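Summary of the model geometry
Next come the chains, spelled out residue by residue.
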Amino acid sequence: MFRTVEEFKDAYINIISSTYAKPLENCTEFEKMENLAHLMRTICSGISTDTRQIQKEKQMKKVYYFSMEFLMGRLLDNCIINLGIRDIVVQGMAELGIDYEKLCEFEPDPALGNGGLGRLAACFLDSMAATGMAGIGMGLRYKFGLFKQEISNGYQIEKPDSWLEAGDPWEWSKPGEAIAVRFGGRVERRYSNGQMSFEHKDYTVVNAVPYDIPIVGWNGDIVNALHLWSAEPAHASINMEAFNKGDYALALKERSEIEAITCILYPDDSNGMGRKLRLKQEYFLVAAGIGHIVRGYIRDYGLDAWDKFPDRVAIHINDTHPALCVPELLRVLIDEQGLDWDCAWDITTRTISFTNHTVLPEALEKWFIPELQPLLPRVYMIIEEIDRRFKESIDKNANLSNEILKKTAVLWDTEIRMANLSIIGSHSVNGVAALHTDILKKDVVSNFYTLFPERFNNKTNGVSQRRFLVESNRPLTGLITEAIGEGWIEDMSRLKSLMDFRDDAAFLERLAAVKRQNKLRLADYISRYMDIDVDPDSVFDIQVKRFHAYKRQLLNALKILDLYNKLKENPNLPIQDTTFIFAGKAAQGYAYAKEIIKFINSIADLVNADPVVSKRIKVIFMENFRVSNAQLIYPAADISEQISTAGKEASGTGNMKFMMNGAITLGTLDGANIEILEQVGAGNMKIFGLTSEDTHRYRTFGGYSTADILAGNPALSRMMEQLIDDTFMGSGQNFWNIFDALTRAGDEYFVLGDFDSYAAAWQELSSGYKNRSDWNKMSLANIANSGFFSSDRTIREYADQIWHAGHH
Ligand code: NBG
C-alpha cells in the first residue's frame, strides 16, 4: 500500500494507462472512479491472500452468513476509509485535478436488498471484518437490484435498477469455482449391502458462478469476502437449429430461463410472497453456498473429518429465506459423503443457526408441496424425513397434544413451513431485539420455546459506525475524535466519555454547528433534486424506512394534516417551525402502502403551496431512498420518528443510525426503541402510545373502538372527513381506502388510538428545540449512549454465544 501522496498518484496513473490505454484527461468521470476502485480492489486482493493464510494458520472457525439480501451501498469511500488512506487519496486526487467526493458519486449504489434485513447483513459483514473474524457472506448477484423509485404526480413509479450496466468495479469473477446446481428430475432408490442410497437423475444443471466482493476490516488489517452467486448456463445453451432458422427467442430460451434465476431481487419487504422463481433463487443460493463450503472443507481437512465440521464451520441463515440449508447440508453429507442420517443430522444441527426478523404472520415463509417437490425432489424427500422424525419424537411425549404438532410440524396439509424447518434444524434461534425475542418465545413460536428453551436467545441488532458515522458524518467524527481520541471507532462504548462535555457550552455549540452543517448539506440536496427550499434553522423531523401499514407513516401524515388545519386557523400557532421529511419505498404490489405515499405527497402539495402555512412547516418526500441518500439524511435529523405499532417492528435499525448522529427519538415502546430508552434515559427521548401489552390485549379481548375515539375528537373526525371530501382533489384523488381502514375496518394498527398521545408527544418534544442548549445536551446524550448499538457489539455476541468463533 502507499504511504505517500506521490506513491498513490503513481499507482493511480499506472493503472489508468494500462487499463484504458489513454491518458487521465481523456477518461470519463465513471472511468476515473472505476479506476480508483480497481486500484483499491488490487490492494484488497493482496490483503485478502494474507488474511486467508493467517486464518488458516490460526485454524479459525469460518462463519458463513447466508442471506438473500446484502444492501451494501457504495463501497469506494468505505473501502478507502477502512484502509486508513483517505487523506492520502483525497490529496492525491486533488493534485490530479479530481474532486474525490464528487467522483465517489459516480459509483452505482447496489441495492441488492429491500431494507433493514439486507442492510443488517451488510453491517454484519463490515463488523466481522472489523473484529477480525473469518466471516464470509453468501448472497446472490442480482442483475437488477431493488427498483428505482420515482415520484410522479405524487405516485410511486417503479423503474428497473440496472446497476451492473457499466460493470461492477469491485467484483472478481471466479468461473473456475462454479458449482453445479441441480433442478427437477427424479430420484432412484437403490439397495446395496443392506444400505439404501439415492440417485438423482434427469435433472437440469445450472452453473452457479461466484463473484467475490472484498470486505475490508478497520485499519485494513484483514479482508474477507462476500460471494455473490450468479446463475449461468452450464454449457453452450443455444439451440443452433432454431438460431439458423431465425427464431432467436427459441434459440436463447434455455439460456434466458437460467439467467432469470439471478435476474432480479424480489421487491418485497415483510410481505408474503409465493412465487416459483423465488423458490428457485433460494435453493440456488443454498446449493451454491453449501457446495462451496463442503468443497473447501474437503480441500483443507480431507474426506474423513466430518465430526469436526461443526467446530470449524458455522452456517447462519438470515431469516427463513436460506432455510433449505438444513436439507441441503444433509443431502450432501448423506448422498455425496456417505454419512448415515443420525451422524449427518447431528453435524447439520450443530452447524446451522437461525435468526428470525419478523413477527408478521404473512412474512413467515411457506411453500406448497406441489411447488417444491417437482423442483427439488431429493431435497423434498429429506424434508419429509425431517418432519417424520420430528413428529415421531413429539408423539413419544404424551403430554403434547395434536394442537402442538399442528403448530410445530414442518409439513402440514399441503404446506412446508420454513420457520419450523429452520428451528428444528438448527441449534440456535434468535430474535433481533429483547421485546421481539420475548414475543417469539411467548407468542409466535411459543411451542418451540417449550420444546427447546435452550435454543432461544436474543441478539439486539446494531449498525456499523464506520458506515453510518465515520463515513456519513465526517464533521461529527472529527469533533468526537478531537474530544476523546480515535479509539471510539473500534470500541464504541468509549463514546460514553462524551458525557464529560455535557456542561461544556463551547463544545455543545460546536455540536450544534455540526448538525447545522449536515442540515445545510441535506437542504442543498433537496434544493438541487427537488427544487424546494427548506430552512436549515427549522426542526428537521424525519421518517425514513420502507412503507408498511405497521410502521405508521400514516400517523405522522395525520399529525401534519392536523398542524395544517390548525395553522390555517391560526398562523401564529405556538409550534416550532418544522421541515417534515419522508423517504422510503413501498413493495410494488402493496396498494395500501402506495396510497399512503400518495397521501403524504398530497399533504405536501397542500402545505408547501400555502403561502402562510409553508412559512411554518414544509413537507418533503425524497424519492428513491437508498443507502447513499440515507447517509445524507441520518446526520441531518433533529427528530427521529420511530412510531410503529407496539409489538410489530422486530427491531428497527434506522432508529440506531439516527441516534448515533445525535437525533432525538420520538417513538413507541417497540423493537429496539425500548433498548434505546434503556441506554439514553427517559429525559433524552420521547415515548408515547400504546404498549405491546395494550395492543395484544385489544387484539385478544377486543374493546378497541374507533367510533368511540372519533366521537370525542373533533380534530381527528375532521381529518377523517378530509380524507374523502374534496380537500385533496387538487392533487388528483381522495383517500377512501385509508378512510375505510381507519374508520370501518377496525384500524388494525391503532393509528387513531395513538393519535392524541403522539401529537402531544411531538408538540412537547419539538417545543424543546427553543431551548437550544438543553436540546444540544439531549443530542449529546444520544450520541454518547449509542455505543451499545454498534454492530461490532452484536457480532461479538453472535460469535461468542452462537457461532463460538474467534474475534478480537
Ligand atoms: C426486518 C424487521 C426490522 C429489523 C430488520 C433487521 C424483515 C423480514 N425484518 O425491524 O422488520 O430491524 O429486519 O433485523 O425484513
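What comes next is a walk through the structure. (Residues numbered from 1 in each chain as written. Predicted model: local features only at pLDDT ≥ 70, side-chain atom pairs only at ≥ 80, totals over all residues. Heavy atoms only, no water.)

Section: the environment of Ile264
With respect to the helices, strands and loops of the structure, Ile264 is situated in the loop between α9 (253-259) and α10 (276-301). According to the relative accessible area criterion, Ile264 is partly exposed, its value standing at 40%. Spatially, the C-alpha atoms of Ile264 and Arg141 are 8.8 Å apart, while their sequence positions differ by 123 residues. (Helix = DSSP H or I, 4+ residues; strand = E, 2+ residues; numbered from the N terminus. Buried < 20%, exposed > 50% of the residue type's maximum accessible area, 1.4 Å probe, protein only.)

A look at the pattern of salt bridges
Opposite charge on two side chains allows them to pair when their charged atoms are near. Under the counting rule described, the total for this entry stands at 56 salt bridges. A salt bridge links Glu336 to Arg331; the nearest nitrogen and oxygen atoms lie 3.2 Å apart. Judged by its relative accessible area of 10%, Arg331 falls in the buried class. It is possible to trace a salt-bridge network through shared partners that takes in Arg186, Glu188, Arg190, Glu199, Lys201 and Asp202. (Salt bridge = Lys/Arg side-chain N within 4 Å of Asp/Glu carboxyl O.)

Remarks on the site of the ligand
In the vicinity of the ligand, 15 residues are found, and the nearest of them are His357, Asn461, Glu649, Ser651 and Gly652. Residue Ser651 places a main-chain N or O atom 3.0 Å away from an oxygen atom belonging to the ligand. Computed on the free molecule, the ligand has an accessible area of 380 Å², of which 94% lies beneath the protein chains in the complex. Taken together, the residues of the shell around the ligand sort by class into five nonpolar, eight polar and two charged. (Near = heavy atom within 4 Å. Polar contact = N/O pair within 3.5 Å; in protein donor to acceptor, adjacent residues only side chain to side chain. Areas by Shrake-Rupley, 256 points an atom, 1.4 Å probe, with all protein chains shown as cover. Nonpolar A, V, L, I, M, F, W, Y, C, P; charged D, E, K, R; others polar.)

A short note on the sheet that holds strand β20 (residues 617-622)
Strand-to-strand pairing in sheets goes through backbone hydrogen bonds, with the strands running parallel or antiparallel. Pairing is parallel in the open sheet, where six strands are placed in the order β20-β19-β18-β21-β22-β23. At either margin of the open sheet sits one strand with a lone partner, and together these are β20 and β23 (686-687). Here two bridges tie strand β18 (residues 539-544) to strand β21 (residues 639-642), and the two strands are oriented parallel to one another. Across the sheet, residue Ile542 finds its bridge partner in β21, namely Ser640. Contacts from helix α22 (residues 505-530) reach β18, β19 (578-583) and β20, with the element oriented near 70° to β20. (Pairing = 2+ DSSP bridges. Contact = heavy atoms within 4.5 Å. Axes fitted to C-alpha atoms, helices over the stretch in contact; angles between N-to-C directions.)

Some remarks on the layout of surface pockets
Computed from the structure, the largest pocket encloses a volume of approximately 1200 Å³. Arg74, Glu101, Cys104, Glu105 and Ser628 are, among the 42 residues lining the largest pocket, the residues nearest its centre. Elements supplying a minimum of two residues to the lining of the largest pocket: α3 (76-83), α5 (100-104), α20 (465-471), α21 (474-484), α22 and α25 (627-633). Of the residues that constitute the lining of the largest pocket, the class distribution is 14 nonpolar, nine polar and 19 charged. (1 Å grid on protein atoms, 1.4 Å probe; cavity = no way out; pocket = protein on both sides within 12 Å on 5 of 7 lines; lining within 4 Å. Points joined across faces, edges and corners; volume = space filled by probe spheres on them.)

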